[in-house]
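Here's the letter readout for the chains.
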Amino acid sequence: MKKERKTMTTTNMIAETLKTDINHGRLNSGDTIVEREIAAKFSASHIPVREALRILEGEGYIVHRKFSGYSVRVVTPEEMVELYDIHRFLCEKILTQAIPRYNELTFYNFRNMISEMGSTKDTNQIVSLFLKFSETAYGPAGLEYSVKVAMDILNRNIPVISAMVEQIYQGAIPLSFHEGFVKLCQEKETAKAIEWWLAEFDRLTKGLVAIMSRIRST
């Protein structure tokens, strides 16, 4: 029994490490994942490595092809449009319920994150704050499953969001978007705040698709 728990712990550790490497661009789309190299890196047997790879395959991070093995999944521009269409639909539903429930603590957290965004040029930190801001905006809705799906879409596309920060935002998210959203929410202008949020996501989706199309053509 103890051995089984240790194996599962090793499996989860490998899966989470590889997931982080993919999310933060240390493993790029199309990169081959060699089982024996992973086993050597973690001083693990092939069993937990294979289990970890199956987990990542099931979650859509990697793909397996006969004779070629595992590689990091390549997200196409078409898939990205579909993902963000789903996210946009969820955003509208979630924010409709979330915004009227914002309180002073919510706005305090928003202000702190906006301040942090304005004081850093580190892409990883900016992306982390971007995701945290979104999660804070969605959380009060009380729609656990919808929020989870919306955040999973964002969390599973961190490399693309990083490219967005670097290429669309030129390394710094414009605070006017977040400040404008918070201001409208404080003024109880829920419909205008949602329209403001969705307009920015529409702009970003177009930019992200353009980025991915360029990557695919190179």
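Residues numbered from 1 in each chain as written. Predicted model: local features only at pLDDT ≥ 70, side-chain atom pairs only at ≥ 80, totals over all residues. Heavy atoms only, no water.

A. Molecular detail of the pattern of salt bridges. Within the structure shown, the criterion is met by eight salt bridges. One salt bridge connects R50 with E35, and the closest N-O pair in it is separated by 2.7 Å. Note that R50 is positioned in helix α3 (residues 46-58) and E35 in helix α2 (residues 35-41), a separation of 15 residues in sequence. The partner of D152 in a salt bridge is K148, and the shortest N-O contact between them spans 2.9 Å. A residue pair is termed a helical-turn pair when its members lie 3 or 4 positions apart in one helix, as D152 and K148 do in helix α7 (residues 144-155) at four residues. Through salt bridges with shared partners, a single ionic network connects D21, R26 and K41. (Salt bridge = Lys/Arg side-chain N within 4 Å of Asp/Glu carboxyl O. Helix = DSSP H or I, 4+ residues; strand = E, 2+ residues; numbered from the N terminus.)

B. How the structure looks around unusual backbone geometry. For S43, which is not glycine, the phi dihedral falls at a positive 50°. Turning to its location among the elements, S43 is positioned in the loop between α2 and α3. Residue classification places S43 among the exposed residues on the basis of a relative accessible area of 71%. We note that K188 has phi near 65°; this positive angle belongs to a residue other than glycine. Within the element layout of this structure, K188 appears in the loop between α9 (175-186) and α10 (190-217). (Buried < 20%, exposed > 50% of the residue type's maximum accessible area, 1.4 Å probe, protein only.)

C. Region of interest: helix α5 (residues 104-119). Spanning 16 residues, α5 covers 23 Å between terminal C-alpha atoms, matching the ideal 22 Å at 1.5 Å per step. Considering only its buried residues, α5 is in contact with α6 (123-138) and α9. Of the residues that open α5, the one with a side-chain oxygen 3.0 Å from the backbone nitrogen of L105 is N103. (Expected span 1.5 Å × (residues − 1). Contact = heavy atoms within 4.5 Å. Polar contact = N/O pair within 3.5 Å; in protein donor to acceptor, adjacent residues only side chain to side chain.)

D. View of the pairing of strand β2 (residues 62-65). The pairing of β2 with strand β3 (residues 69-72) spans four bridges and is antiparallel. By the bridge assignment, H64 is partnered in β3 with Y70. In textbook terms, the turn of a hairpin is the stretch between consecutive antiparallel strands, and for β2 and β3 this stretch comprises three residues, one of which, F67, has a positive phi near 75°. (Pairing = 2+ DSSP bridges.)

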